[in-house]
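# An overview of the molecular structure
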Amino acid sequence: MSNAGQPPKIRLHMVTGVAVLGALVAGCGTSDAGGDERKVPASPSRPAAAASVTEAQAKAVFARYQKVNNQANAQVSDEILSSNETGPMLEADLAGNQRIRAKADKKINAFSYRDPQFYIPHTTGPAWFAVTASETKGGNTELLVFADTGGGAYKSAVGVWLAKGKKFPAIARGADGSATAVTDGAALGVGTQISEYLTTAARGRRPAAKLAPGPLTSELGRDFAKGVIKINDGRRWAGAATWKARPEPVYALRTADGGTLVLNVSVLTQTYTALRDNVWYQPDEVYFGLGPKRYYKRFSGQRLWQFATHVPPNGPADVVARATQAISATGS
């Protein structure tokens, strides 16, 4: 996990991030495709449930994740990392390795977790499970998703850190202790809502979207608005910060209040163009190691943002956790 925008010592999980599975939907049914035209096609069969891990198996996956990622971090190894991660998390962490090798960031210290809580849903698509746990050192709390990438080989796909002053909602459990994956409904579109909110706020306007205020909505949008104004001030450079939701990495669990906890990924693009000759621009240090430190004509940088959002049955959605990592920097 990269140190940028995250509690230190643990590799950033993205969303970046972080690709993963598609939006979780039920598998298609099948029908009788026999050649006898007199046969009546069979009714669509129910989607087969994916084989879920047991909690003991999930614990073993989680333990392996810590062991292998610590090895990858110690060696700054893309190969080892790729054997243990997938999707947005892998995308972000490979960029983090690039920054470390360029000496733009420090190597990640060994990490471990305590008090893990496992949430294992029965799904009709590729199997996955979630876990919340706190750092053994530091105490920051992370929510991670592990996805079956084929044949029961689980890799970490998403990871977000709980924001200060926020808490994860209670997850609903069935009689057998299983969680419930949410595969459809308006709640799954909250990533677009967040992206539109932050983009509008970064432009200094009042967002139309209704999200609960906090460090990942009103405060984050205000901070970026200040940054855009500062860069554009003096009419030497002009540009903007724009978020766009990625449609594919969506994981969601039913919460005890009847709502949904949604994990999604957005990409922030920061683009600036010089308005004068003989000026230069130095981007935020999170982009160091991905490109030069100075730009003279234009700059375009992208950061992967993962969010966890509680969408209650009533009231505004509350963004409670995030992870962020710069993934590219280009320009001239």
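Owing to the predicted nature of the structure, the values given are computational and were not obtained by experimental measurement.

Let's shift gears to the nonpolar core. The biggest cluster of nonpolar side chains holds 43 residues, and the ones touching the most others in it are Phe224, Trp243 and Val262. Sorting the residues of this core by element identifies helix H3 (87-101), helix H4 (190-202), helix H5 (218-232), strand E5 (237-254), strand E6 (260-274), strand E7 (298-311) and strand E8 (318-331) as the ones contributing at least two each. The dominant element in this core, judged by the number of residues it contributes, is E6, at 6 residues. Contact partners of Val262, with chain neighbours within four places excluded, come to Ala187, Leu188, Val190, Val250, Tyr251, Ala252, Phe307, Ala308, Thr309 and Val311. Core analysis: the next-biggest nonpolar cluster, separate from the first, contains 20 residues, Ala130, Phe168, Ala181 and Tyr251 among them.

Across the sheet, 8 strands lie side by side as E1-E2-E3-E4-E8-E7-E6-E5; this open sheet has antiparallel pairing. Of all the strands in the sheet, the pair left with one neighbour each is strand E1 (113-119) and E5. Shown here is a sheet whose adjacent strand axes are inclined to one another by a mean of 25 degrees, direction ignored. Where strand E2 (residues 128-135) meets strand E3 (residues 141-148), 7 bridges bridge the pair, whose relative direction is antiparallel. From the neighbouring strand, Trp128 faces E3, where its bridge partner is Ala147. With respect to the sheet, helix H1 (residues 55-75) is in contact with E1, E2, E3 and strand E4 (154-162), its orientation differing from that of E1 by roughly 135 degrees. Strands E3, E4, E5, E6, E7 and E8 of the sheet are contacted by H3, whose axis makes an angle of about 50 degrees with E8.

Here the focus is unusual backbone geometry. Of note in this structure, Val76 is not a glycine but carries a positive phi near 50 degrees. On the secondary structure map, Val76 appears in the loop between H1 and helix H2 (78-82).

Moving on to the confidence of the model for the protein. Overall, the predicted model of the protein reaches an average pLDDT of 86, with 85% of residues at or above 70. Across residues 1-46, where pLDDT falls below 50, the model places 160 contacts with residues more than four positions away in sequence or in other chains.

To continue, consider the pairing of E5. Examined bridge by bridge, E5 and E6 share 14 bridges and lie antiparallel to one another. From the neighbouring strand, Tyr251 faces E6, where its bridge partner is Leu263. Here E5 hands over to E6 after 5 residues, with Gly258 in that stretch at a positive phi of 90 degrees.

In a structure, side chains of opposite charge can pair up when their charged atoms sit close to one another. Evaluated as defined, the whole model comprises 7 salt bridges. For Arg246, the salt bridge goes to Glu91, with nearest N and O atoms at 2.8 Å. With Arg246 in strand E5 and Glu91 in helix H3, the pair connects residues that are 155 residues apart, well separated along the chain. According to the relative accessible area criterion, Glu91 is partly exposed, its value standing at 30%. Note that Asp318 is salt-bridged to Lys166, the shortest N-O span being 2.7 Å. Taken together, the positions of Asp318 in strand E8 and Lys166 in the loop between E4 and H4 put the pair 152 residues apart, joining distant regions of the chain.

Moving on to the environment of Gly189. Mapped onto the elements of the fold, Gly189 is located in the loop between E4 and H4. On the accessibility criterion, Gly189 (38% relative accessible area) is partly exposed. Distance in space between the C-alpha atoms of Gly189 and Asn264 is 9.0 Å, their sequence separation being 75 residues.

Rules used throughout
Residues numbered from 1 in each chain as written. Predicted model: local features only at pLDDT ≥ 70, side-chain atom pairs only at ≥ 80, totals over all residues. Heavy atoms only, no water. Core = buried A, V, L, I, M, F, W, Y, C linked by side-chain atoms within 4.5 Å. Buried < 20%, exposed > 50% of the residue type's maximum accessible area, 1.4 Å probe, protein only. Helix = DSSP H or I, 4+ residues; strand = E, 2+ residues; numbered from the N terminus. Contact = heavy atoms within 4.5 Å. Pairing = 2+ DSSP bridges. Axes fitted to C-alpha atoms, helices over the stretch in contact; angles between N-to-C directions. pLDDT = per-residue confidence, 0-100. Salt bridge = Lys/Arg side-chain N within 4 Å of Asp/Glu carboxyl O.

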